[in-house]
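Take a look at the letters that make up each chain.
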Amino acid sequence: MSVESILRTKGTGVVTIRSDANLEEAAKMLADKKIGAVVVSEDGVAVSGIISERDIVQAIAADGHAALEQPVSSFMTADVITCERTDSVEAIMQTMTEGRFRHVPVVADGALLGIVSIGDVVKRRIEDAEAEAEHLRGFIAGG
Ligand code: AMP
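Note that the coordinates shown come from a computational prediction; the quantities given were computed from them, not determined experimentally.

## A closer look at the overall build of the protein chain
Here is step 1 of the chain: The helix and strand inventory of the protein chain stands at five helices and five strands.
Here is step 2 of the chain: Helices and strands in the protein chain line up, N terminus first, as α-β-α-β-β-α-α-β-β-α.
Here is step 3 of the chain: With respect to the principal axes defined by its C-alpha atoms, the protein chain has extents near 65 × 35 × 25 Å.
Here is step 4 of the chain: Among the 143 residues that make up the protein chain, the fraction classed as buried is 31%.

## Quick look at the nonpolar core
Here is step 1 of the chain: Core analysis: the biggest nonpolar cluster contains 13 residues, and Ile 17, Leu 23, Ala 26, Val 40, Ile 51, Ile 56 and Val 72 have the highest contact counts within it.
Here is step 2 of the chain: At the level of elements, helix H2 (23-33), strand S2 (37-40) and helix H3 (53-63) are the ones that each hand at least two residues to this core.
Here is step 3 of the chain: Residue contributions to this core peak at three residues, all from H2.
Here is step 4 of the chain: Discounting chain neighbours no more than four positions away, the residues touching Ile 51 are Ile 17, Leu 23, Ala 26, Ala 37, Val 38, Val 40, Ile 56, Val 72, Phe 75 and Met 76.

## What about the site of the ligand?
Here is step 1 of the chain: Neighbouring the ligand are the residues Ile 50, Ser 52, Asp 55, Thr 77, Asp 79, Val 80, Ile 81, Phe 101, Arg 102, His 103, Val 104 and Pro 105.
Here is step 2 of the chain: Between the ligand and Ile 81 there is a distance of 2.9 Å, counted from a nitrogen atom to a backbone nitrogen or oxygen.
Here is step 3 of the chain: For the ligand, whose unbound accessible area comes to 480 Å², protein coverage reaches 91%.
Here is step 4 of the chain: Going through the elements one at a time, strand S3 (49-52) and strand S4 (103-108) are the ones with two or more residues in the shell around the ligand.
Here is step 5 of the chain: Looking at the shell around the ligand, its residues break down into six nonpolar, three polar and three charged.

## Thoughts on the side chain of Ser 52
Here is step 1 of the chain: Summarising the element assignment, Ser 52 is placed in strand S3.
Here is step 2 of the chain: In this structure, Ser 52 is in contact with Leu 30, Gly 36 and Ala 37, ignoring residues within four places of it in sequence.

## Regarding unusual backbone geometry
Negative phi values dominate among residues other than glycine, just as trans dominates among peptide bonds.
Here is step 1 of the chain: Unusually for a residue other than glycine, Lys 34 sits at a positive phi of about 55°.
Here is step 2 of the chain: Considering the arrangement of structural elements, one finds Lys 34 in the loop between H2 and S2.
Here is step 3 of the chain: Phi angles above zero are rare outside glycine, and Arg 100 is one such case at about 60°.
Here is step 4 of the chain: Mapping Arg 100 onto the fold places it in the loop between helix H4 (89-99) and S4.

## Section: the pairing of S4
It is a general feature of regular strands that their side chains alternate between the two faces of the sheet.
Here is step 1 of the chain: Within S4, five of the six residues are buried, leaving the element largely enclosed by the surrounding structure.
Here is step 2 of the chain: Bridge analysis of S4 against strand S5 (residues 111-117) gives six bridges, and the strand direction is antiparallel. Bridged to Val 104 within S5 is Val 116.
Here is step 3 of the chain: The hairpin formed by S4 and S5 contains two residues between the paired strands, and Asp 109 there has a positive phi angle of roughly 50°.

## Some details on the sheet that holds S2
Here is step 1 of the chain: Ordered in space as S1-S2-S3, the three strands form an open sheet in which the pairing is mixed. Whereas interior strands pair on both sides, the edge strands pair on one side only; in this sheet they are strand S1 (16-17) and S3.
Here is step 2 of the chain: Taken together, the four bridges between S2 and S3 define a ladder with antiparallel strand orientation. Across the sheet, the residue bridging to Val 38 is Ile 51, located in S3.

Reading guide: rules and limits
- Residues numbered from 1 in each chain as written.
- Predicted model: local features only at pLDDT ≥ 70, side-chain atom pairs only at ≥ 80, totals over all residues.
- Heavy atoms only, no water.
- Helix = DSSP H or I, 4+ residues; strand = E, 2+ residues; numbered from the N terminus.
- Buried < 20%, exposed > 50% of the residue type's maximum accessible area, 1.4 Å probe, protein only.
- Core = buried A, V, L, I, M, F, W, Y, C linked by side-chain atoms within 4.5 Å.
- Contact = heavy atoms within 4.5 Å.
- Near = heavy atom within 4 Å.
- Polar contact = N/O pair within 3.5 Å; in protein donor to acceptor, adjacent residues only side chain to side chain.
- Areas by Shrake-Rupley, 256 points an atom, 1.4 Å probe, with all protein chains shown as cover.
- Nonpolar A, V, L, I, M, F, W, Y, C, P; charged D, E, K, R; others polar.
- Pairing = 2+ DSSP bridges.

This is the structure we're talking about:
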């Protein structure tokens with residue numbers, strides 16, 4: 001199963017924020033959209049970073065509420081690991097486990113296409129396991 005199958009279900013809309021927005025705006029965006037990370041992009045196309053709830057917690061732990069006025073660029077991860085829609089769900093799971101992050105933007109030719117979260121991956125794996133069990137039940141009953 002590929003990343004494409006996840007995007008087909010959840011859609012390709014991606015929430016982005018500019019790197020000069022401040023941390024308070026990023027926190028409000030995460031809360032409003034009920035998401036755990038937002039892709040940083042100046043034009044909504046090219047990925048320049050990612051900022052997650054973990055980065056915001058660390059910023060506040062280090063600098064207190066003054067951190068909320070600081071730009072996203074000061075706390076985002078600039079070296080973003082991305083994937084392509086043809087990558088397998090298993091490969092993305094491994095990437096997330098090894099990198100210890102829960103979000104992977106999907107890109108094609110340098111353009112942002114979507115984002116896959118650990119929740120999307122787990123949901124897909126459960127659906128696949130259930131479909132396989134159903135198939136085996138049918139096979140046994142038919143035999
Ligand atoms: P998360 O688990 O997604 O909340 O992110 C944990 C940490 O990894 C934060 O510092 C994020 O900025 C960073 N991070 C999240 N996603 C990625 C990614 N795809 N590539 C690189 N770093 C990431």
